Each structure stands twice: as structure tokens, then as C-alpha cells.
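# Coordinate analysis (summary)
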Amino acid sequence: MMGPQPGLRSLWEASLLVTGELDLSNVLRQIAESALTLVDAQYGALGVIDPEGQLEQFIHVGMPEELVAQIGHLPEGHGVLGAVIDTSCPIRLTDLNKDPRAVGFPKHHPPMDTFLGVPIKIHGETFGNLYLTNRSGGPFTAGDEELVKELATAAATAINNARLYGEARRAQQLSAALGEVSSALLASPDTDALGVLAQSVASLTGAQLVSVVVSEAVGSKLRVETARGDGASSIEGTTMPWIDSVLSRAMKGEPGITPVDGTAPAPFIGDVPSASIMAVPLVIFGERVAALCATRSAEAPPFTTGDLELLAEFATQAGLAVALAWSRVDRQRLELVEERARIARDLHDNVIQRLFGTGLGLQALASSRPAQAATLETHVSQIDAAIADIRTAIFTLQTQAPTQNVRHRLLEVVSELSPRLSTIPRLVFIGPVDLILEGTLADDAVAALRESLTNVARHAQAETVSVEIHAADAQVSITVEDDGLGLSSSSSRRSGTKNLRARARAHGGDFQLTSRSSGGTRAYWYAPVDAPRPA
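What you are looking at is a predicted structure, and each value in this text was computed from that prediction instead of being measured. (Residues numbered from 1 in each chain as written. Predicted model: local features only at pLDDT ≥ 70, side-chain atom pairs only at ≥ 80, totals over all residues. Heavy atoms only, no water.)

## A short note on the overall build of the protein chain
Quick note on the threshold: Per the convention used, a helix needs a DSSP run of H or I reaching at least four residues, while a strand needs a run of E reaching at least two, with both numbered from the N terminus. Categorising residues by exposure relies on relative accessible area from a 1.4 Å probe, with only protein chains included: less than 20% of the type maximum marks a residue as buried, more than 50% marks it as exposed, and the intermediate range marks it as partly exposed. Whether two residues touch is decided by their heavy atoms; if any such pair falls within 4.5 Å, the residues are in contact. Only the protein chains shown count as cover for residues, with accessible areas throughout obtained via the Shrake-Rupley method and a probe of 1.4 Å.
Regarding its fold elements, the protein chain presents 14 helices and 16 strands. Out of the 535 residues belonging to the protein chain, those deemed buried represent 42%. Taking the intrachain contacts of the protein chain between residues at least 6 apart in sequence as the baseline, contacts between residues at least 24 apart amount to 60%. Surface exposure of the protein chain reaches about 27800 Å², of which carbon and sulfur atoms provide 53%.

Next comes the structure, spelled out in C-alpha cells:
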């Protein structure tokens, strides 16, 4: 009995290869490579089509990377490639250069003649197309076309399986991220909700920088409320003009992602990752309160529509978690206010009345005992003073609003960055920190502490870290010391060091990074209190 024909065996082997993968990016490349081998072509590619019928991805095989770099932009789906997209039918050409639909090749492009294009259809819709050129031994045959069509059928199954697998993985990642967000938000009423969201987005999307941006109204200046990741300290708290970008569109309720050609304007300033940006609106209690923005550097792969869908779904679910956490905080605050009101009523209705009655009794006793009148009047005066103190306390209980002080914010920074250090830093407060640090000086001090500890975590490899925050009437200072590797030749040029110095000088202070005599580094950030800001 004769064995299977060579072409069918090759098709069977190629089908096994493409259906053996579950990661979509690997599946697509394996399909292109298998098609190239199946019909003995020199060059091959798989073009993925977006919902508008344009090329969204172009995965090429057979061409050296250095040659691809010289060519520059990948095809955009014009000419013969566009004809395959438009017709959704196979196209086989003896010489694509002579076809009237051909638009020519860019500079440095290798010569191509024979051509075969076959669509990949999933559930009746074209997912993409296989393109093959320069068949060894002559033009592509009808048999080649049938083999590639059969491979495209197997590829459709593999792509569909990879999509389902990817959706299951994303759902699992999303569930885990939302679980962490909910746990963090419900753990403490003082948790920085927006900071928690930013940190979770960074883990979920693999972004180098995540920011939460707010605006008073559409068209108004944008302000970075919270940022986490590379260069976060340089943009946190900064404002930027409202320009047409993925960020401003997200503020208006439209999720978006920058195109891969790099033509979109970057909304952020400074040395931060911004080669690929995606942003989605954050809706809490039915209102758009901010935009969640994730960015990647040029060295990382650009965001995809799948990443944008994942971020959008996370923002929707996270908005509900934040709303629940804020409602819980409001309820606790209401309960606290009600408890304070009850205590105030008890003090007024019971304690003060009893003290007042006791005072009246002592005054009556003083009238009948002249010899002890002076002593009794002293006690009556002390009771009156106590009543005045209690009334002051009642007023405080009825009007005081719980707020997060600066000391608490500084402690949160240390707590947030401790897992990235080898040990929990030793923290010392000197002076009335909460009374002296306020306004923009407090914001910059918190940012300076975060940047200093982040630098230690990234570069120092320290065993011990100490933090001293000293607040006096004239000056506030933050000292961070570690026993790590010490200063390198590039330490003084790091963008984080420049940011620390800029924040200090904005208040008339400065920042110094020096070596310790016992090894390691000493970061000293200081600023005068109530000094006029430079113009």
C-alpha cells in the first residue's frame, strides 16, 4: 500500500505545528513559517486585518532583520496585498510586478516575482491573509494553492483556539488584579485608591508607567493625580495642556490607543516611557472622574487592541470597587460623626448638668459656711473651667472632619516601597511634621521620599535603609541613608536625581547625593518653610 503523497504529508506536518501552539503571537508566526516551508517559497507573511479592513499586523518570515530595518515601514495593505484583502479570495500570479494592481516596492526591498495570496477565514469572516512569494522551481501551482488553502483552514482553528485561550488567560489575570484591588481598598479606609489602581494596571498590562489623570472640565488643563513606574515622580502632580490625544479622548469617554507609526502626540513631558500609550475613562458613581493611562517605551512591544479591551474592562470593574470602598469610607465617617454627636449630647446633657448642679451646691454651701467660702469658690471656679473645656471638646467633636495628615502620607510611601527593599526602612520623625508641612511643600516632600526610596530599591542593593524626616520652623529636610553599593559615575545624572533637585529648588532648597564614609549613599533633600517660590 502506498504512503501519503509528499504534499499531503507536508500539509499534515504543518497542520500539527500550527495547532500545537496556544499563544496567539506564536501561532501566527508558526502559520507563516509553515506556509513558507509547505510550498518551498523564499518569503512569506501573514497579514492580520482589523475591523475596518486594514492591515493591523504584518508578520514576515524569510527576510533578514537587518534588511527589514533598512526597508522601514511594513506594508499597509495596498496594491496586490490590498486586492487579496478586498476580494477575500486566493490570488496566484506568475509575476506580481506585471500585475496592473502592483504599486512597486520601497527602497532596499528584495526582488519578488511569483506570488500566492490566500485568505484565512474564521466563522465566515476574514481574519487575515497568507502571502507567499518567490517559489523555488517556478510559479506557484494550483496544487500549491490547494495546500495553502487547507493550511489556512487548519490555521483558522489554531487561531480560534489561541484566541479562546488568550481570553481565558486575560479573564484570569483580570480576576486576580481586581481581587487584589478590592482587598487593598477594603483593608483600610485611608488607602490611596488611585495609587492602588495605578499599581494594579502596571502589573496587569506590563506597562512601564501608569498614571491617573484628572481635569476640572473637558478642555481644561490635565493634571497627573497619581503615577506609578518609570519616571512617575517627574510627572506626578504636573499639569499639561488639553491637546487632542488618546488621553484627552479618554477624558471625554472614548478609550484609545496610539497608532504604531508613532505620529500621535505624546501628552506627557520629560523623560518618561511614551512610545505606546493607551488610555480609558475611569467611571465612579456614574461620573467620569479620571483617565487611566498606561505607557510603554520603544524597547517594549506596542499595546494591542486586546490590551486596550483588558484595560477598559479592568477600569469598569475597578470603578465599582473604588465606589464600594469610598461608600464604605463614607459610611464609617458617618458612623463616626454620629458617634461623636452622641458623645457630645451625653457630655452636654449629663456631664455638664451634673457639674453645673455640683457648682450650685458648693456656692450654696459657701453662703452658709463663710469660713470655707474662699476655698469653696476656688472649687467652683475649677468646675466652671472644666465645663468650659468640655464645651470646647463638644464643639470639636461636632465640627472636626477626619483628614489624612502628612505624617500618614509619608508612612504610606515607606509601606508601599518596603516590599521592594531587603528590609523595612527605619523611620524617624523629628519635629511637628503635620503642622509645618502643608500645601505644595508637603506634596513635594512626599514625592521626594518616594523617589529617594525608589532609587535605593533600584540601584543600591542595600541591606539596611534609614529615613529621617526633620521639620523645624525654618526648614524641613528628608535624609535617606543606605549601606548599598554606593555612588556610580552615572548616579548624579539620573533623571530621578534631577527631579529631586528641581522639587527642592522650587521651594528655595536643594538636594545632595553623597557617599557615606561607612559605605553606601546619603540622600539629603531640604527646603525652607514659607520661602517665596522662584518665579
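## Describing the sheet that holds strand S15 (residues 510-515)
Under the convention used in this document: By definition, two strands form a pair when at least two bridges between them are found by DSSP. To get an axis, fit a line to the C-alpha atoms, keeping to the stretch in contact for a helix; angles then go from 0 to 180 degrees between the N-to-C directions.
In space, the five strands of this open sheet follow the order S12-S13-S14-S16-S15, with mixed pairing throughout. In the strand order of this sheet, the two ends are held by strand S12 (426-430) and S15, each with one partner. The mean inter-strand angle of the sheet, taken between neighbouring strand axes irrespective of direction, is 10°. Examined bridge by bridge, S15 and strand S16 (residues 521-528) share six bridges and lie antiparallel to one another. Bridge pairing links Asp510 to Tyr526 in S16. Sheet contacts for helix H11 (residues 406-417): S12 and strand S13 (465-471); angle to S12, the most-contacted strand, approximately 165°. Running over the sheet, helix H13 (residues 439-460) touches S13, strand S14 (475-482), S15 and S16 and is turned about 10° from S14.

## A closer look at the side chain of Thr479
For Thr479, the position within the fold is in strand S14. For Thr479, a relative accessible area of 8% gives the class buried. Ignoring sequence-local partners within four residues, the contact set of Thr479 consists of Ser466, Val467, Glu468, Arg522, Ala523 and Tyr524.

## Overview of the side chain of Thr521
In plain terms, the rule: Residues adjacent in sequence count toward polar contacts only when both atoms are side-chain atoms; beyond that, a polar contact is any pair of N or O atoms within 3.5 Å, and within protein one must be able to donate a hydrogen and the other to accept it.
Inspection of the secondary structure assignment puts Thr521 in strand S16. Polar contacts involving the side chain of Thr521 include one to the side chain of Asp482, which spans 2.4 Å. Those residues in contact with Thr521 that lie beyond four places of it in its chain are Val480, Glu481, Asp482, Gly486, Leu487, Leu513, Thr514, Ser515 and Arg516.

## Here we look at the sheet that holds strand S8 (residues 239-240)
One open sheet accounts for six strands, arranged S8-S7-S6-S11-S10-S9; its pairing is antiparallel. Looking at strand neighbours, the two that pair on one side only are S8 and strand S9 (256-257), the edges of this open sheet. For strand S6 (residues 209-215) and strand S7 (residues 222-229), the ladder comprises seven bridges, and the chain directions are antiparallel. Residue pairing for S7: Ser211 is matched across the bridge by Ala227.

## Regarding the nonpolar core
For the record, the criterion: In plain words, nonpolar cores are sets of buried Ala, Val, Leu, Ile, Met, Phe, Trp, Tyr and Cys residues tied together by side-chain atoms within 4.5 Å.
Within the largest apolar cluster, 35 residues are counted, with the highest numbers of intra-cluster contacts made by Leu185, Leu197 and Phe314. The set of elements that each furnish at least two residues to this core consists of helix H5 (142-187), helix H6 (193-205), S6, strand S10 (276-284), strand S11 (287-296) and helix H9 (305-368). Element by element, the count of residues in this core is highest for H9, at ten residues. In this structure, Ala442, Ala462, Leu500 and Ala523 belong to the second largest nonpolar core, which totals 33 residues.

## Notes on the pattern of salt bridges
Opposite charge on two side chains makes pairing possible when the charged atoms of those side chains draw close. Going by this rule: By convention in these notes, a salt bridge is any Lys or Arg side-chain nitrogen within 4 Å of a carboxyl oxygen on Asp or Glu.
Counted under the stated rule, the structure contains 16 salt bridges. Where Arg228 meets Glu416, a salt bridge forms, and the shortest distance between an N and an O atom there is 3.3 Å. One end of the pair, Arg228, is in strand S7; the other, Glu416, is in helix H11, and 188 residues separate them in sequence. With a shortest N-O distance of 3.6 Å, Arg407 and Asp434 are connected by a salt bridge. Taken as a pair, Arg407 in helix H11 and Asp434 in helix H12 (residues 433-436) lie far apart in primary sequence, 27 residues in all. Three or more residues joined by partner-sharing salt bridges are found here, namely Arg228, Glu236, Glu416 and Arg450.

## Concerning the packing of aromatic side chains
Put simply, the test is: Only centres within 6.5 Å qualify two rings of Phe, Tyr or Trp (six-membered ring in Trp) as a pair; their planes then separate them into stacked at under 30 degrees, edge-to-face at over 60, and tilted for everything else. Whether a charge lies above a ring is judged from NZ of Lys or CZ of Arg, which has to be within 6 Å of the ring centre and within 35 degrees of the ring normal.
Counted by the stated rule, this structure contains two aromatic pairs. A cation over an aromatic ring shows up here: Arg407 above the ring of Phe429, its NZ or CZ 4.6 Å from the ring centre.

## Describing the pairing of S7
Connecting S6 to the antiparallel partner S7 that follows it, the hairpin turn spans six residues, and Gly219 within it adopts a positive phi of roughly 95°. Taken together, the two bridges between S7 and S8 define a ladder with antiparallel strand orientation. Bridge assignment links Leu222 to a residue of S8, and that residue is Met240.

## Points about unusual backbone geometry
Residues other than glycine seldom take positive phi values, yet Asn134 does so here, at roughly 60°. Relative to the assigned elements, Asn134 resides in strand S5 (residues 125-135). Residue class for Asn134 comes out buried when judged on its relative accessible area of 12%. The residue Gln461 is not glycine, and still its phi comes out positive at about 55°. If you trace the backbone, Gln461 turns up in the loop between H13 and S13. Exposure remark for Gln461: the relative accessible area of 62% places this residue in the exposed category.

## Concerning empty space enclosed by the protein
Using the following cut-off: Space inside and on the surface of the protein is sampled on a 1 Å grid over the protein atoms alone, with a cavity defined as a set of points where a 1.4 Å probe fits but cannot get out and a pocket as an open set with protein on both sides within 12 Å along at least 5 of 7 lines; lining residues have an atom within 4 Å of a point. Grid points are joined across faces, edges and corners, and a volume is the space filled by probe spheres set on the points. Classification convention: Asp, Glu, Lys, Arg as charged; Ala, Val, Leu, Ile, Met, Phe, Trp, Tyr, Cys, Pro as nonpolar; all other residues, Gly among them, as polar.
What the rule picks out here adds up to one cavity of 30 Å³ or more. Put simply, the largest cavity is a space of about 30 Å³. Lining the largest cavity are Ile235, Thr238, Thr239, Met240, Pro267, Phe268 and Ile269. When its residues are assigned to classes, the lining of the largest cavity shows five nonpolar, two polar and no charged.

## Re the environment of Pro100
On the secondary structure map, Pro100 appears in the loop between strand S3 (91-93) and strand S4 (115-122). Accessibility expressed as a relative area gives 79% for Pro100, which makes it exposed. Note: C-alpha distance between Pro100 and Val80 (20 residues apart in sequence) is 8.8 Å.

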